[in-house]
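# Structural features, examined
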Amino acid sequence: MSRDDPADRAAAGGLGAVASTLVRSARDLGVVRSLEVLSTVNQTRGFDCPGCAWPDPDVRAATEFCENGAKAVAHEATPKRVTADFFADWSISALREQSDYWLEQQGRLTEPMRRAPGSDHYEPVSWDEAFAGIARGLRALDSPDEALFYTSGRTSNEAAFLYQLFARGFGTNNLPDCSNLCHESSGVGLGEVIGVGKGTVSLEDFEIADAIFVIGQNPGTNHPRMLSALQAAKRRGARIVAINPLRERGLVRFAHPQEPLSWLGRGTEIADLYLQVRVGGDVALLQGIAKAVLEAEARRPGRVLDHAFLAGRTTGFEAWRAHVAEQGWEGLETASGVDRGVMRAAAAEYVAADRVIACWAMGITQHRNGVANVQEIVNLLLLRGNIGVPGAGPCPVRGHSNVQGDRTVGITEKPAAAFLDRLDREFAFAAPRDAGLDAVGAICAMRDGHAKAFVGLGGNFAVASPDSEVTAQALARCDLTVQISTKLNRSHLCCGREAWILPCLGRTERDVQASGPQFVTVENSMSVVHRSEGRLDPAAGSLRSEVAIVAGLAEAVLGGDGPAAPWSLFASDYARIRDAISRVVPGFDDYEARVRKPGGFVLHSGARQRRFETPDGRARFTVHPLPETGVAPGRFRLTTIRSHDQFNTTIYGHDDRYRGIAGDRRVLLLGARDLEEVGMRAGDRVDVTSHHEGETRTLRGFRLVEYDLPRGCAAAYFPEANALVPVDSFAEGSRTPTYKSVEVSLAASA
Ligand code: SF4
């Protein structure tokens, strides 16, 4: 830890965040528009930030957003426009030559566009022409299962519910979504051991937890308002343990942007203990910490573990204990890259706390053993009954505002039979029962010619997916691609033989339908369902809402077949959609009345009260062998990361202030000793080659950056490094791509 370590140079947040917010907002929106839009984001009668899924406090501040939330809002509310003239000037081939950053800087899409077969230009069409053309294309398929209906995590509950009904009405469960690419390992891992695929804590639990473990997550950049909760916890004496291969500024120090007096100081120290685990070393580390807890129990029998909880509410403890006891410290140290003394220190923090929350994100889920990582966290929490009580529990933090809500209302390729039964009853049809394709399955099906139509509801599938070249070619192999989007991105250029762009309203914009102004609803990481209502005038008069577009497509494609759904009525009044949801989705009874209350309502799960919906009604310990994460001599284990100037695939700029990187995203981070060992220096350019089951993929010309990383580990930015991640390299059980762990070799660039 040194002053020239970017993580220690300054506190996260503080003056830097305020300055960045003011500069960006004024540049992209102007002062008046900035005030208009930033004064309503995350307010109870305002709109939900289109960024991550961190919850809002009951008492909102006047400025209830973070620096990256402001960037997300500015990005959507930009006055720039991509019109028919733009597409007349720019051919698809010419646009493909532009960077992803440049594409997204062009502005908001304004009208429906079609790329006719054989044409190199998008041309304007009417909405009716678009719906009719897409209907023609979908109906021309030999089977409904040749179609894919992708959903991004920004989609509202109302649009997502109609979308799944449309796809199932069309006859398929091919509903891949961005959750497949990020927290699927959390859903699968938690579902198996506590009976629900979601966290069990609330924001209020952060106010009483004694210790908070932050594992494989960089909240300073990806969930910035979480730092306020961590700072408040520190100030009242809670302890924080950070587990991350990289030293991240947001986990070291934080100055609250709304506390000017703190800007000039060094801020609040966040992590009391920082464990820089090797990439892929989480199972070993968590078993090591648990082993030390068992040692403490052996020293003080009956006074460390929650025996009543273990006996009364769990199963599998003894088999798990035997497994952990067999693990030697040396093996755990080698596999985790962390010294036993440090693991024991983390265990001491755990044991000293009566109430512990464990938070995590992609650093845990996007590994071959992502599900095992999640379940090892739960194993640790169960030891002292840290679940289903105030101040304690598992907390996967979602990176997209409604990714959790989409899944809740039916966006899944493997729907539960009970859900389909209720859907059939509600809409008098027979939904398909065979499981559909997830994101990885969708890429392979398009690549192999089994899927011929891709419909994207938001997002940037071509860039968010692994194996970028394979995915781009797979999309281009389709007969039909449809992108429902707010802004131009690369997925519009990886287009099928016939391609359509349908521009939709953004989260910040007023949505007025036949029955009047509408609001939509979303669900955050802590299962709070709440409303979102845009305030700005739409970017163009011809835009339609996601709900109206899905309803229009369903009417045109299904033509009255399939579900007995009043599509137009749904589009005219979203309360009708919520009414249907209240009968189909458990926990949404009295939906309309409850969501109209300030702050909305919590979707409770049994696990929050220790009622585990597992086969035997008990929380389950699971045994996981240490995964093989070694690499061949001279190679590294690469993890992908996000800069402080991006949101998922959206690049806001080329600087990464918190890591001290400026003006370049084609960088590879390596530790000082590894740089020395490969005989290279910071600034040198290297070609990076991934190795997977005999296959190689190479990216050229990455600039080496010295960064505090464990030996044998490297890091590069998502999505630039996605091309190194093979489509068939994914987590067991969840099929989440292994963006966080790829074996690579380096060679000096020519
Ligand atoms: S923490 Fe997440 S949801 Fe909150 S303002 Fe920032 S980006 Fe938006």
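Only a predicted model underlies this, so the values are computations on that prediction, with no experimental measurement involved.

Let us look at the sheet that holds strand β9 (residues 253–255). Two orientations exist for strands paired in a sheet by backbone hydrogen bonds: parallel and antiparallel. Reading across the sheet, the three strands line up as β1-β9-β10 and stay open at both edges, with mixed pairing between neighbours. Sheet topology places β1 (12–13) and β10 (268–269) at the edges, where each strand pairs with a single neighbour. In the sheet, β9 pairs with β10 via two bridges, with the strands oriented antiparallel. Opposite Phe-254, over in β10, you have Thr-268 as the bridge partner.

A few words now on the site of the ligand. Close to the ligand lie Asn-42, Cys-49, Cys-52, Phe-65, Cys-66, Gly-69, Pro-224 and Arg-225, which account for all nearby residues. Classifying every residue of the shell around the ligand gives five nonpolar, two polar and one charged.

A separate point is the domain arrangement of the protein. On domain assignment, one finds that the protein holds domain 1 (6–76), domain 2 (81–178 + 409–504 + 544–596), domain 3 (184–396) and domain 4 (636–748). Each of domain 1 and domain 2 has a C-alpha centre, and these two points are 29 Å apart.

The next point concerns the state of the cysteines. The tally for this structure, following the rule as stated, stands at zero disulfides. With no disulfide of its own, Cys-495 has Cys-494 as its nearest cysteine by sulfur position, at a separation of 7.5 Å.

Turning our attention to the packing of helix α24 (residues 417–427) against helix α30 (residues 574–584). For the pair α24 and α30, interaxial distance at closest approach is 9 Å and the crossing angle is 135°. One way to sum up the angle between α24 and α30 is to call them oblique. α24 and α30 meet at a crossing whose hand is right-handed. Between α24 and α30, the contacting residues are Phe-419, Arg-422, Leu-423, Glu-426 and Phe-427 on the first element and Ala-580, Arg-583 and Val-584 on the second.

Across all of its chains, the model carries 55 salt bridges by this definition. Taking the shortest distance from any N to any O, the salt bridge between Asp-424 and Arg-433 comes out at 2.6 Å. Classification of Asp-424 as buried rests on a relative accessible area of 15%. A salt bridge links Glu-743 to Arg-635; the nearest nitrogen and oxygen atoms lie 3.2 Å apart. Here Glu-743 is found in strand β31 (residues 742–748), whereas its partner Arg-635 is found in the loop between β23 (619–620) and β24 (636–641), with 108 residues between them in sequence.

One way to see where empty space is left: roll a probe the size of a water molecule over the atoms. Counted according to the given criterion, the structure contains five cavities of 30 Å³ or more. By volume, the second largest cavity is sized at about 230 Å³. Lining the second largest cavity are 18 residues, and of these Leu-505, Gly-506, Arg-507, Asp-511 and Val-520 lie nearest its centre. Among the residues making up the lining of the second largest cavity, the classes are represented as five nonpolar, six polar and seven charged.

All right, on to the pairing of strand β6 (residues 147–151) then. Among the five residues of β6, five are classified as buried, and the element is accordingly described as predominantly covered. Where β6 and strand β15 (residues 453–457) come together, five bridges link them in parallel fashion. Bridge pairing links Leu-148 to Phe-454 in β15.

Strand order in the closed barrel formed by six strands is β24-β30-β27-β29-β28-β31, with mixed pairing between adjacent strands. Taking the axes of each pair of neighbouring strands and ignoring which way they run, one obtains an average angle of 45° across the sheet. The sheet contact formed by β24 and strand β30 (residues 713–717) spans five bridges and is parallel. The residue of β30 that forms the bridge with Thr-639 is Ala-715.

For the pair helix α16 (residues 282–299) and helix α18 (residues 317–326), the least separation of the axes is 10 Å and the interaxial angle reads 105°. When the axis of α16 is compared with that of α18, the two are roughly perpendicular. On α18, the residues that touch Gln-287, Ala-290, Lys-291 and Leu-294 of α16 are Phe-317, Trp-320, Arg-321, His-323, Val-324 and Ala-325. Of the residues in the contact of α16 with α18, the class split is six nonpolar, two polar and two charged.

A complete count under the given rule lists 23 aromatic pairs for this structure. Taking the centre distance of 6.2 Å and the plane angle of 45° together, the rings of Phe-161 and Phe-427 count as tilted. Separated by 266 residues along the polypeptide, Phe-161 in helix α9 (residues 157–170) and Phe-427 in helix α24 bring together distant segments of the chain. Across this residue pair, the class does not change: Phe-161 and Phe-427 are buried. Ring pairs connect the aromatic residues Phe-86, Phe-87, Trp-90, Trp-102 and Tyr-122, which therefore count as one cluster. Stacked on the ring of Phe-519, the Lys or Arg Arg-531 has its end atom at 4.0 Å from the ring centre.

Attention now goes to unusual backbone geometry. Looking along the chain, the bond that leaves Phe-718 and enters Pro-719 is cis, with omega of 5°. One non-glycine residue, Ser-527, adopts positive backbone phi at about 65°. Mapped onto the elements of the fold, Ser-527 is located in the loop between β20 (520–523) and β21 (528–532). Its relative accessible area of 1% is what places Ser-527 among the buried residues. Notably, Glu-693 is not glycine yet its phi reads approximately 45°, a positive angle. Within the secondary structure layout, Glu-693 lies in the loop between β28 (685–692) and β29 (695–706).

With that settled, consider the environment of Arg-596. On the secondary structure map, Arg-596 appears in the loop between α31 (591–595) and β22 (601–602). Exposure remark for Arg-596: the relative accessible area of 47% places this residue in the partly exposed category. Distance in space between the C-alpha atoms of Arg-596 and Arg-447 is 45 Å, their sequence separation being 149 residues. Apart from the residues lying within four places of it in its own chain, the contact partners of Arg-596 are Phe-519 and Arg-531.

Thresholds, definitions, all that
The numbering scheme is per chain: residues are counted from 1 as the chain's sequence reads. Given that this is a predicted model, residues contribute local features only at a pLDDT of at least 70 and side-chain atom pairs are listed and counted only at 80 or more, while totals for whole chains, interfaces and linings are drawn from all residues. Values shown for side chains rest on all heavy atoms present in the structure; no hydrogens or waters enter the calculation. Two strands form a pair only when DSSP identifies at least two bridges running between them. Counting from the N terminus, the helices are DSSP H or I runs at least four residues long and the strands are E runs at least two residues long. Proximity is defined per residue: if any heavy atom of the residue lies within 4 Å of a molecule or strand, that residue is considered near it. Note on residue categories: nonpolar means Ala, Val, Leu, Ile, Met, Phe, Trp, Tyr, Cys or Pro, charged means Asp, Glu, Lys or Arg, and polar means any other residue, Gly included. Where each domain begins and ends is defined by an automated method or by a domain database. Two cysteine sulfur atoms form a disulfide, by the criterion used here, when they sit within 2.5 Å. Simply put, an axis is a line fit to the C-alpha atoms, just over the touching stretch for a helix, and the angle between two N-to-C directions goes from 0 to 180 degrees. Roughly parallel covers angles under 35 degrees, roughly antiparallel covers those over 145, roughly perpendicular covers 65 to 115, and oblique covers all other angles. For any helix crossing, the convention is left-handed if the near helix is rotated counterclockwise from the far helix by under a right angle, and right-handed if that rotation is clockwise. Here a residue-residue contact requires only that any non-hydrogen atoms of the pair lie within 4.5 Å. Every case where a carboxyl oxygen of Asp or Glu lies within 4 Å of a side-chain nitrogen of Lys or Arg is listed as a salt bridge. Here's how the labels work: a residue is buried when its accessible area is under 20% of the maximum for its type, exposed when over 50%, partly exposed in between, all with a 1.4 Å probe on protein chains only. For each structure, a 1 Å grid was placed over the protein atoms alone; sets of points admitting a 1.4 Å probe that cannot get out are labelled cavities, open sets with protein on both sides within 12 Å along at least five of seven lines are labelled pockets, and lining residues have an atom within 4 Å of a point. Grid points are joined across faces, edges and corners, and a volume is the space filled by probe spheres set on the points. Side-chain rings of Phe, Tyr and Trp, where Trp is taken by its six-membered ring, are said to pair if the distance between their centres is within 6.5 Å; with planes under 30 degrees apart they count as stacked, over 60 as edge-to-face, and otherwise as tilted. Counting as a charge over the ring demands two things of the Lys NZ or Arg CZ atom: a distance within 6 Å of the ring centre and an angle within 35 degrees of the ring normal.

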